[in-house]
Structure formats: structure tokens, C-alpha cells
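Per-entry structural report
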Amino acid sequence: MGFLGQLFVMAISAILVQNFVLSRFLGLCPYLGVSKKLDSAFGMGMAVIFVMTLASAFCYLIFQYLLVPYGLEYLQTLAFILTIAALVQFVEMVIQKNSPALYKSLGVYLPLITTNCAVLGVAILNITPLADGSRYNFIWSVLNGFLSGVGFTFVLLAMAGIRERLELVDMPKSMRGMPSGLILAGIMALAFYGFMGMKI
Amino acid sequence: MSFISELTKGIIKENPIFVIVLGMCPTLATSTSVSNALGMGMAATFVLVCSNIFISLIKNVTPDKIRIPVYVVVIAAFVSIVDMSMAAYLPALHKSLGLFIPLIVVNCIILGRAEAFANKNNVINSIADGIGMGLGFTLALTVVATIREVLGNGTWLNIKVMPSTYDPMLITLLAPGAFITLGFLMALMNMIKEKK
């Protein structure tokens, strides 16, 4: 399989089959919290794609060239969370300085991303051995981070679109808000289960 | 507030999952069986109590501006301890919880209690708060896991509870079942609150 073929397989798997939110249960807090309005969901999604791609790159480099040579793999959790926190802070400062317009649309979501478990999750998954014992190299780690972020944004936007309409529906008071959002997520997860049968 | 009331508030009145709605990812992902739920709950409780004690001890020397990074480092250190000791002594549980052990670091409950409680209270009350919140988290996880395991597998803590004619509803063990179970449980909690 050529590069493009592998890329296609990875895209389908990260966005549909092994979706971060609906089948891996990662990043649920922003998924349920920021999905009430379509434009804020869009801002959050873009910020997550951005940070997940960068975090994949930096965490991979730190693991490969700092932790492995010194035999410090057991410090990965600590090293990764610090990298991500520093990265988010740094990205926030750079964007604020260079692109005030972008900062205005992404700014509020950036600090929230430090505690988004999808970001730490993808960093750890990138360095976890695959089924055949090998690990992703640098390029694939970055691509995996990017595509998983796209998958997250995809379901976040779908959820926000449905919830905007759901606001107008007449339903029992105790079902409003979080309960209906969770049941909706369950139905979406059920729909995504249809992709599980795909053999690629 | 006294020790006892700090201890009990986390269990029902301020339950981290059903009432404050924090820490959803581990709740949904590790509630496939009661034993997983108990393992996750205990691990999170240990980290919560230890980080509460530590953060409460250093609250006077922590500069306000960098307090969040300090909390994250403290929490990550305790999570690494749990991760390594679980891999050594309970390898089967460690394997089934997998990724969600290191992810305790970003569990909003722990950082949330550090910021909202341990940062402002003394060590004794912080211990009580940590135990109470940890037990509340474990209780909520166990309730969700009980429903999912009994309906989806016909067992509770690997003991058969349903008659042999019962056909297990596999869907409750899969991802969609997790969302739907928790959704209905929260609706039930809202309904009870409204009646009061």
C-alpha cells in the first residue's frame, strides 16, 4: 500500500471507525459542554485540531529523543502533560500577538484544552505499540493527531447542529440539557457503530 | 464545616458525576463491569486524597500565578505512582483500564477539587473532601457499571444474577449503551430533585 493508501485508511479509521469521542470516550467534557451553539463548537474544534497536531509532534519528539535515550519512559505522563500545558500557553501567546482576529475566535477555548483528555490521549496512543509491536514514526504520529482532531471536530459539529434544533423541542423538564445530550450521543454512537464492520 | 459533613457532601449532595457533571470520560469508558468501576474509583480516590493533602500543605508557598501547573505536576506524580504500582500488582486490571489510568491526570474532578477546595482549606478538611468526592465518584461509577453489567452480561462482579433464560442485551456494554444508560440515570436524578 502506498503512502496515500495508508493515509486514506488512517483517515477513515480516525474519523469514523475509531472516533475519539464516540468509540474511545475521549474528550467528552468539551463534547457535551461546548456543543450548544454551532459557532462556538466550530471554534473549539479548530483549536483542538491545532493543539492535537502540535502536541502529537512535540510529545513524540520528547519521548523519542529525551525519555527513551535516558530510560525514563515511566515519566511519560508527567512529561506529556507538562509539554501540553506549556504548548497551550505558548500557542495562546503567539496567536494573541500575531493574529488578534484568530485569538478572538479561539482564545476562550485554548486554556480549556489543557484538560481535554483527547490531547493527552492521542499523545499516549501515538507512542503505544500497535498490534504488530511497531510504533508510529514521527510523520504518522503528527498525521494521527491531526486526523483524530478532525474526527473530534466532525462529531462536535454534528452534535451542535442537532442540539440547536433540540432546544426548540417540547420534552420533559428532567430530560433537558445533559440527559438529552447524552442520549443523543448514544444514538450517534450507535450510528457510528455501522462503520465498525468496514474491513480495510 | 466539620469533618463529617465535608466527608458526606461528596457522596450524594455534591456528587461529582451526577450533580457537578465532571469526569465523564472515565465514567463512560470504565463502567463496562463492576470490577473495572471499583478499580478506577479506587485509583482516582487515592490520587484525589493524596493530591488534596499535598496541595493543602503547600498552599501558602505556591505563587498564585503558577498554581495550575503546580497542581498538574503534583497530580501527575501521584498518577504515575498508581500507574506503576497497578501494573506491578494488578496487571489484569491495569490492562483492562488501559489508557484511562494515565488519563486520571486530566480528570477534571481532581484538578477541580484542588482549585476549589484544597487550595483554601486545611489538611484535615481536605482529606475529608478527597475521601468524600472519591467515594461519590466510585459510587456513581458502580451504579452505572451495575446497570451495564447486569443487563449486558447477566452478572454482577462476575457472579451470575440473572436466570439462565435471560438473553443479555449486549448493547449496554458497547459505547452507545454507556451514553444512553448515563443519560437516563441523570434524567432520573433530575426528576427526583424536582419532586423535592
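Because the structure is a prediction, the values reported are computed rather than measured. (Residues numbered from 1 in each chain as written. Chains lettered and ligands numbered in written order. Predicted model: local features only at pLDDT ≥ 70, side-chain atom pairs only at ≥ 80, totals over all residues.)

In this section: the overall build of chain B. When you go through chain B residue by residue, the secondary structure sums to eight helices and two strands. Ordering the α and β elements of chain B from the N terminus gives α-α-α-α-α-α-α-β-β-α. Principal axes of the C-alpha set define a box for chain B whose edges measure 60 × 45 × 25 Å. For chain B, buried positions account for 45% of its 196 residues. When contacts within chain B are restricted to residue pairs at least 6 apart in sequence, those whose partners lie at least 24 apart make up 75%. (Helix = DSSP H or I, 4+ residues; strand = E, 2+ residues; numbered from the N terminus. Buried ≥ 20, exposed ≤ 12 C-beta atoms within 10 Å, placed from the backbone. Contact = placed C-beta atoms within 7 Å.)

It is worth spelling out the overall build of chain A at this point. Of regular secondary structure, chain A possesses nine helices and zero strands. Since a compact globule built from 200 residues should have a radius of gyration of about 16 Å, the 18 Å found for chain A is in line with a globular shape. If you line up chain A on its principal axes, its C-alpha atoms span 60 × 45 × 30 Å. Considering only residue pairs separated by 6 or more positions, chain A has 78% of its internal contacts joining residues 24 or more positions apart. (Rg over C-alpha atoms; globule rule 2.2 N^0.38 Å.)

Bringing the nonpolar core into the picture now. Core analysis: the biggest nonpolar cluster contains 105 residues, and V119(A), L120(A), V47(B) and I75(B) have the highest contact counts within it. Once you skip the residues sitting within four places of it in the chain, I75(B) turns out to touch V47(B), S51(B), V105(B), I110(B) and L111(B). (Core = buried A, V, L, I, M, F, W, Y, C linked by C-beta atoms within 7 Å.)

Turning next to the interface of chain A and chain B. Accessible area lost when the parts come together is the quantity often used to give the size of an interface. Taken together, the contact between chain A and chain B spans 31 residues of the former and 33 residues of the latter. At the level of secondary structure, the elements contributing two or more residues to the side of chain A that touches chain B comprise α2 (28–33), α4 (76–98), α7 (117–127) and α9 (178–193) of chain A. Its residues placed into classes, the side of chain A that touches chain B shows 24 nonpolar, six polar and one charged. (Nonpolar A, V, L, I, M, F, W, Y, C, P; charged D, E, K, R; others polar.)

The backbone of F25(A) shows a phi angle near 60 degrees, a positive value even though the residue is not glycine. Structurally, F25(A) is set in the loop between α1 (3–17) and α2. Not every positive phi belongs to a glycine, and L157(B) is a case in point at roughly 55 degrees.

The next subject is the packing of helix α3 (residues 38–67) of chain A against helix α8 (residues 138–166) of chain A. Residues and elements named next belong to chain A. With their axes 8 Å apart at the nearest point, α3 and α8 run at an angle of 165 degrees to one another. In terms of orientation, α3 and α8 fall into the roughly antiparallel class. Two packed elements cross with a definite hand, and for α3 against α8 that hand is right-handed. Classifying every residue of the contact of α3 with α8 by side-chain character gives 18 nonpolar, 10 polar and one charged. (Axes fitted to C-alpha atoms, helices over the stretch in contact; angles between N-to-C directions. Parallel < 35°, antiparallel > 145°, perpendicular 65-115°, else oblique. Left-handed = near helix turned anticlockwise from the far one by under 90°.)

For the rest of this paragraph, the subject is the confidence of the model for chain B. The predicted model of chain B has a mean per-residue pLDDT of 89, with 99% of residues at 70 or higher. Of all secondary-structure elements in chain B, the lowest mean pLDDT belongs to helix α1 (residues 3–9) of chain B, at 82, while helix α3 (residues 34–57) of chain B reaches the highest, 94. (pLDDT = per-residue confidence, 0-100.)

Another aspect to go through is the packing of α3(B) against helix α6 (residues 108–118) of chain B. Residues and elements named next belong to chain B. Contact geometry for α3 and α6: axes closest at 10 Å, N-to-C directions at 30 degrees. Note that α3 runs across α6; the crossing there is right-handed. Contact residues: V47, L48, S51, N52, I55 and S56 in α3; I109, I110, R113, A114 and A118 in α6. Broken down by class, the residue content of the contact of α3 with α6 amounts to seven nonpolar, three polar and one charged.

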